[in-house]
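# Per-entry structural report
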Amino acid sequence: MSEYDRIDFEMLEENDDDYDGPDAYVDEEDDNVLDLEDLQDSIQARERTGVAQESPMLRQIFLSLFNSQNVHRTDSDTGGGGNGNEPRQLRTMSIRDLQRLLNSRSVESPTDYEEDDDDDDEIENVGEWHQTWFPPHKEPQQLGVELLMGGEFGSVSSKIRSRRNKRNISRMILDQSSRPRGAISRENMTSDLIPNTNGTAVASYAANVYCGQFSKDYSFYYTCCQDFRLHIYDMTSPPSPYMKRPRNLRRSATGVWDDSDRDHDTTLKILKTIQGCTGRWTITDSHLSPDNERMIYSSISPTVYMTSTLDSSVTQTPIRFQDPNQRQRSRTHWGWDEDSFGIWSCRFSADGNEVVAGGSGQIFVYDLLADRRTVKIIAHEDDVNSCCWADTASGNVLISASDDTFLKVWDRRSLGSSQKPSGVLVGHTEGITNVSAKGDGRYIISNGKDQALRLWDLRKMCSSQDFDNGANCDYKLRGFDYRYGHYPKPKHAAHPRDCSVMTYRGHAVLRTLIRCHFSPAETTGGQYIYSGSADGKIHIWSLDGRIVQVLDRSKTSAMTFDPSAEEHVLPNSARNTVCVRDVSWNGNEPVIMSAGWDGGQSLSKSVVARHEWKGLSKMSYGLEDWMEKQNTERDERAARTRRTLRGLSLSGTPPGRAPLTHSTMSANAQLYGFPPGYFVIRNLANGRLWDVGGDDVEDGVEILLWPEKEKSLVETLRNPDANNQVFFIDTSGALCSRSSGHAIDIEADRLVIRHRRPISQPYPNEYSHPLPRFSYSRETQHITASFQCDPTYPPPAAQTSTAWMRKTYVLSAIPMPKPKSLLDNASAFLSSAVTTPISFFSGGTAQRKATPEDVFSGDIDLTEDETLEQDRGVEGEADDSSELLRRLRVLTIGQRDAPAEGENARNRRQWQILPLRTSAAHRRPLT
């Protein structure tokens, strides 16, 4: 029995044990506590005796501590029923807190603005005293398993083979040469190849690295440092052996002598080093244009800079988001203009012609062609730390993540005309550090300072109205600052109105804005989620909630080692904790690059490491250790299965809760007559298959009928290029295309690919509406569509009609007769010449029949006593054209309409569903 067969899916209860770490809640009797009243008396005594006074910095710190005793807090802060106006007495503080304050810079420093808003340079050993209040899942979770098996996160067959331990890559490659046709898809071979090494250093810097990502084609890797330098490396060349180079004697790939990069060592081939324009504190975010030729970066200033990545030009083009012709204003004591703001995150649009940026509670859009800012929206009540596009193909849905704990969904086409978002994602209880999208317009993930990584489905977002009516409540911990490296025990594991799909835990989102990403769709199907961590580790989760791999940066090998050689084992405590801020997974090979801040005393403040997947021959353990591990895991699974079965036999199934198995999961999933997994749809009349036109992924691409591209129905024998003829039912019951992952919608009377769209008012409308539900009947072999609302989407003021509820929407192929000859045209002309005068003399006029297109588009609204003419002349025509293409249409049939005339017309409405299978065993189609 598989471990997926009997799983307890209840949430783990929070740990109520006391925490005795250095930053635990202190008692009055604690010896390691400094009493503020005694400290104040000591200072006053020193003033009376004439003892030399402390520095102004130290004096201001103490005065601020004394004044903090008058801080008030409301009943909601105390959680009690006392008077909210009573002052909160802050009598004590720990020695560590005082030391932290003493190590900070003077409050009069003009650079405090940047430091207060961003991260601390000094890395404390977070891993030793970071408390995990909600442990990560150790068993697969129901919702995660359903997502994995729904077909939206890669091939289902590869996951089934992996769970059954039938994944043998060597055997798959060996058998490929003997296959009659087709090739094994790359995902089937690489979806289980997760980088499993602690890494080898490939670059070091004297400044902290804040961004480190691969390009979209994975041809180069770039980093952005706190010293405002941008480094671009060639990833098509392997790392070279490390050689300690003389300073100021390195020539870059552009042929320019590099005199300013003396604090940078690397074994990677340098393509380009750019000295960026100095901003505030550091470069916080960067993004590549769709063609990988331009890069933009932000630095907590109102200006984003754009530079070239490939040529030798070092020109920096400013993109100014502040108001034009802004007059000079008085400066505050912090040294900044009262209207000053900072940009934290920036993104190119899908076409590369616009830049979207988020900063101090605002969202901006800049038109690069018009060279002006076009949109400015007050979007959040706190800083916008990150933003991304939900759909990388169209770039219409924008996600913004803020320190106000909310993610907001915006429609790019309505930005500027409306100040309200299309929806809000509610779930985090602390600020959000990063948001990343899968790229399909549906799923996104976010890292929160509540130490949770959450997975979201945009279809389940909270509406703006519900958000304004109570979902916008704040559940933050008062006084919590993530930069100090300690997260106190929260009162809530999640927001009470949590609408996230899954939650992943185990990492430390502290010290800095830790980033998270989906694994590459090309090699893994996006079935993994990974993130950096302040405890010096890289955490990789399966979509089902389990941690499948943890890479420890404190055990990373030095740059003198070969990244592809046998794994080197470092002695325990060889290095201090590294804070891993950004991580990037290569889509061409199982390699992860991580950018970490070194907490040791070395000259390098930041190191980039390369983590590869290595087989058993290169790992530090031997074959015996690996076999022992496999046997132990197998025995644990067997023991867990025996305990589950014994519990079921003794006590029975608990009331109201059935054990979750694959059969019950399938029962819960609504397939509406279609088979589970992947399938192709064939028309009985012409034998052609459903086909996504041009194998495109754009919104609105039409579904056509095309001859079969791949004869085999066995997954491993099929050509991946034929996936645009493969479809599936996802976990929501929507009919989707395998090649793009997008759902099928009905536009007029055509089937089209539809990207996920945010809700827009008035809902539903032609742009934003529920997807139609497709159903298959094995008896009639018809595919019908049903709607939740009027498919003509009339405006709210229009007179409502219920005629659409009494109609049936059937899918049918449209015949294409061969072109008529000259003789046929002459015969038609003579018939027309004879019938027209007869019609004239009889006083009658030939009435035009209503077509399905007229009724579907809303041009004609039939009453109960009217019937719809099903274009019977067209259905009766012969389908004898030599063209390969046929059209697919939705026919609207009224209650009194006669059935289709002729066998050909009936066959064009009948479909054969052919499921794909994982073995060569014969399987009958669904008929």
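It should be noted that the structure appears before, not after, this text.
Now for a quick tour of the structure. None of these values were measured; they are calculated from a predicted model. (Residues numbered from 1 in each chain as written. Predicted model: local features only at pLDDT ≥ 70, side-chain atom pairs only at ≥ 80, totals over all residues. Heavy atoms only, no water.)

## Here's the deal with the pattern of salt bridges
Opposite charge on two side chains permits pairing when their charged atoms draw close. Inspection of every chain in the model, using the stated rule, returns 40 salt bridges. Of the charged contacts, one joins Asp730 and Arg459 as a salt bridge, the two residues approaching to 3.8 Å between their closest N and O atoms. Of the two residues, Asp730 is situated in the loop between strand 37 (727-729) and strand 38 (735-737) and Arg459 in the loop between strand 25 (452-457) and helix 11 (464-471); the sequence distance between them amounts to 271 residues. Of the charged contacts, one joins Asp749 and Arg889 as a salt bridge, the two residues approaching to 3.6 Å between their closest N and O atoms. Of this pair, Asp749 sits in the loop between strand 39 (743-747) and strand 40 (750-754) while Arg889 sits in strand 44 (residues 887-893); the two residues are 140 residues apart in sequence, bridging distant segments of the chain. (Salt bridge = Lys/Arg side-chain N within 4 Å of Asp/Glu carboxyl O. Helix = DSSP H or I, 4+ residues; strand = E, 2+ residues; numbered from the N terminus.)

## Quick notes on the sheet that holds strand 14 (residues 317-320)
The four strands are arranged 11-12-13-14 in an open sheet whose pairing can be described as antiparallel. Only two strands of the sheet have a single partner each, and these edge strands are strand 11 (285-288) and strand 14. When strand polarity is set aside, the average angle formed by the axes of neighbouring strands in this sheet is 25 degrees. In this structure, strand 13 (residues 303-308) lies alongside strand 14, joined through four bridges in antiparallel fashion. (Pairing = 2+ DSSP bridges. Axes fitted to C-alpha atoms, helices over the stretch in contact; angles between N-to-C directions.)

## Details of the sheet that holds strand 21 (residues 407-411)
If you walk across this open sheet you meet the four strands as 19-20-21-22, and the pairing is antiparallel. For this open sheet the edge positions go to strand 19 (384-389) and strand 22 (423-425), each flanked by a neighbour on one side alone. Neighbouring strand axes in the sheet, compared pairwise and without regard to direction, differ in orientation by 25 degrees on average.

## Some points on the pairing of strand 29 (residues 537-542)
Along strand 29, five of the six residues are buried, which leaves the element largely enclosed by surrounding structure. Two elements, strand 29 and strand 30 (residues 547-552), share five bridges in a ladder whose sense is antiparallel. If you follow Trp541 over to strand 30, its bridge partner there is Ile547. Between strand 29 and the antiparallel strand that follows it, strand 30, lie four residues; Gly545 among them carries a positive phi value of about 110 degrees. (Buried < 20%, exposed > 50% of the residue type's maximum accessible area, 1.4 Å probe, protein only.)

## So, the nonpolar core
Among soluble globular proteins, nonpolar side chains are generally buried collectively. Counting residues in hydrophobic clusters, the biggest one holds 31 residues, and the most contacted among them are Tyr222, Cys224, Leu230 and Leu510. Broken down by element, this core gets its largest block of residues, three residues, from strand 5 (residues 220-225). Among the nonpolar cores identified, the runner-up in size contains 28 residues, and Leu705, Ile729, Tyr809 and Ala813 belong to it. (Core = buried A, V, L, I, M, F, W, Y, C linked by side-chain atoms within 4.5 Å.)

## Considering the environment of Leu193
Looking at where Leu193 falls in the secondary structure, it is placed in the loop between helix 10 (186-190) and strand 3 (200-205). Residue Leu193 is classed as buried on the basis of its relative accessible area of 13%. Along the primary structure Leu193 and Pro590 are separated by 397 residues, whereas in three dimensions their C-alpha atoms are 6.1 Å apart.

## Side note on the packing of aromatic side chains
As enumerated under the stated definition, the model contains 19 aromatic pairs in all. Ring geometry for Phe214 and Tyr218: centres 6.3 Å apart, planes at 65 degrees, overall edge-to-face. Relative to Trp911, the ring of Trp690 has its centre 5.9 Å away and its plane inclined at 85 degrees; by these criteria the two rings are edge-to-face. Taken together, the residues span a long stretch of sequence, with Trp690 in strand 35 (residues 689-692) and Trp911 in strand 45 (residues 911-915) at a distance of 221 residues. Exposure class is identical for Trp690 and Trp911. Each is buried. An aromatic cluster is defined as three or more aromatic residues linked by ring pairs; in this entry it consists of Phe321, Phe341, Phe364 and Tyr366. The positively charged end of Lys438 is found above the aromatic ring belonging to Phe153, 4.9 Å away from the centroid. Of note, Arg738 hangs over the ring of Tyr678, and the distance from its end group to the ring centre comes to 3.8 Å. (Phe/Tyr/Trp six-rings, centres within 6.5 Å; stacked < 30°, edge-to-face > 60°. Lys NZ or Arg CZ within 6 Å of the ring centre and 35° of its normal.)

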